[in-house]
Amino acid sequence: MAKGITKERIVDAALAVLDDGGIEAVTLRAVAARLDVRAPALYWHVGSKQQLLDDMGTEIQRRVQLSLHAVPSDAAWTVVLDAYAHALRREYLAHRDGARTFSGTRLTDAQTLRAQEPWFERWVAQGLDLADAVDAAEIVTAYVVGFVIEEQERAQSAASDPERYSVDARDAAIGPDAPLVAAAGHVGGDADARFSRQLGIVIAGLAARFGV
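Residues numbered from 1 in each chain as written. Predicted model: local features only at pLDDT ≥ 70, side-chain atom pairs only at ≥ 80, totals over all residues. Heavy atoms only, no water.

**Some details on the UniProt feature "domain: HTH tetR-type" (unreviewed entry) in the protein chain**
Within this structure's numbering, the places UniProt gives as "domain: HTH tetR-type" (unreviewed entry) are residues 4-64. Between the C-alpha atoms that bound residues 4-64 there is a distance of 27 Å. The span itself is 62% helix and 0% strand. (UniProt positions renumbered as here; feature names shortened; annotations may be inferred. Helix = DSSP H or I, 4+ residues; strand = E, 2+ residues; numbered from the N terminus.)

**Comments concerning the pattern of salt bridges**
Two side chains of opposite charge can pair, provided their charged atoms sit close to one another. Within the structure shown, the criterion is met by 11 salt bridges. Close ionic contact of aspartate 55 with lysine 7 constitutes a salt bridge, the shortest N to O distance being 3.8 Å. Of this pair, aspartate 55 sits in helix 3 (residues 49-67) while lysine 7 sits in helix 1 (residues 7-21), and the two are 48 residues apart along the sequence. With a shortest N-O distance of 2.9 Å, arginine 63 and glutamate 59 are connected by a salt bridge. Here glutamate 59 and arginine 63 lie together in helix 3, a separation of 4 residues that amounts to about one turn. Residue glutamate 59 is classed as buried on the basis of its relative accessible area, which comes to 18%. (Salt bridge = Lys/Arg side-chain N within 4 Å of Asp/Glu carboxyl O. Buried < 20%, exposed > 50% of the residue type's maximum accessible area, 1.4 Å probe, protein only.)

**Focus: the UniProt feature "DNA-binding region" (unreviewed entry) in the protein chain**
UniProt's feature table lists "DNA-binding region" (unreviewed entry) at residues 27-46, given in the numbering used throughout. Annotation note: span residues 27-46, helix share 35%, strand share 0%, distance between end C-alpha atoms 11 Å.

**Section: the side chain of aspartate 54**
Structurally, the position occupied by aspartate 54 is in helix 3. Summary of buried charges: aspartate 54 has no salt-bridge partner, and the nearest side chain of opposite charge, arginine 106, is 4.0 Å away. When residues no more than four places from it in sequence are discounted, the contact partners of aspartate 54 are Thr105, Arg106 and Thr108. (Lys, Arg positive; Asp, Glu negative; His and termini not counted. Contact = heavy atoms within 4.5 Å.)

**Section: helix 4 (residues 77-93)**
A rise of 1.5 Å per residue sets the reference length of helix 4, with its 17 residues, at 24 Å; its end C-alpha atoms lie 24 Å apart and thus fit the reference within 8%. For helix 4, the set of buried residues is Trp77, Val80, Leu81, Tyr84, Ala85, His86, Ala87, Leu88, Arg89, Glu91 and Tyr92. Of the surrounding secondary structure, the elements contacted by the buried residues of helix 4 are helix 3, helix 5 (98-102), helix 7 (117-125), helix 8 (130-160) and helix 11 (191-210). (Expected span 1.5 Å × (residues − 1).)

**Points about the packing of helix 7 against helix 8**
Direction vectors running N to C along helix 7 and helix 8 enclose 120°, while the axes themselves pass 9 Å from each other. Judged on the interaxial angle alone, helix 8 and helix 7 are oblique. Crossing of helix 7 over helix 8 shows right-handed handedness. From helix 7, Phe120, Trp123 and Val124 reach across to helix 8, where they touch Leu130, Ala133 and Val134. (Axes fitted to C-alpha atoms, helices over the stretch in contact; angles between N-to-C directions. Parallel < 35°, antiparallel > 145°, perpendicular 65-115°, else oblique. Left-handed = near helix turned anticlockwise from the far one by under 90°.)

**A word on the environment of phenylalanine 147**
Tracing the backbone shows phenylalanine 147 in helix 8. Under the relative-accessibility criterion, phenylalanine 147 is labelled buried at 11%. Remark: the alpha-carbon pair of phenylalanine 147 and alanine 99, spanning 48 residues in sequence, is separated by 8.8 Å. If sequence neighbours within four positions are ignored, phenylalanine 147 has contacts with Arg89, Ala191, Arg194, Phe195 and Gln198.

Here it is in structure tokens:
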């Protein structure tokens, strides 16, 4: 084991590689170069790229959980879900290709898994079945992942072609015969407002479905 190499340093270096080059750039060799060691020096802690991605996703989840400490312990489950979704989006947006990189990863730290217990306890105490609580968390997570993937892909496309999503060009292409279609391109609002509005619809739907 290389002296001074820890899983925490490896994950930090991997996140830096991700931010510089995107998900395709994240390899054990690139992370090792970032740490100024040879790739075999990482194998004691990380045996494969998938394990590395899992460890990166676990760190992101840990940061999300830390941000939820600010939520009052007696907050309604809908309030917690809203805070969770906003925290997850912030963490994904903080890294290039964040949503694509971290979605689908497996939590590798038992303590991070166990940290979910108090939330499930409170939600069940508020009247949610455990299965409904799990469904709610997974549905909101899926919404965040989909929204941020689209958000990040559009941002990267627009960086190379600033006119790609021009509303004026869209209007001109549609013409006067489809006024509602043209108007639809103007009602979305900025990404933050759209995310919060649509998230509210998702959570309201869950609350209505579960009757709690």
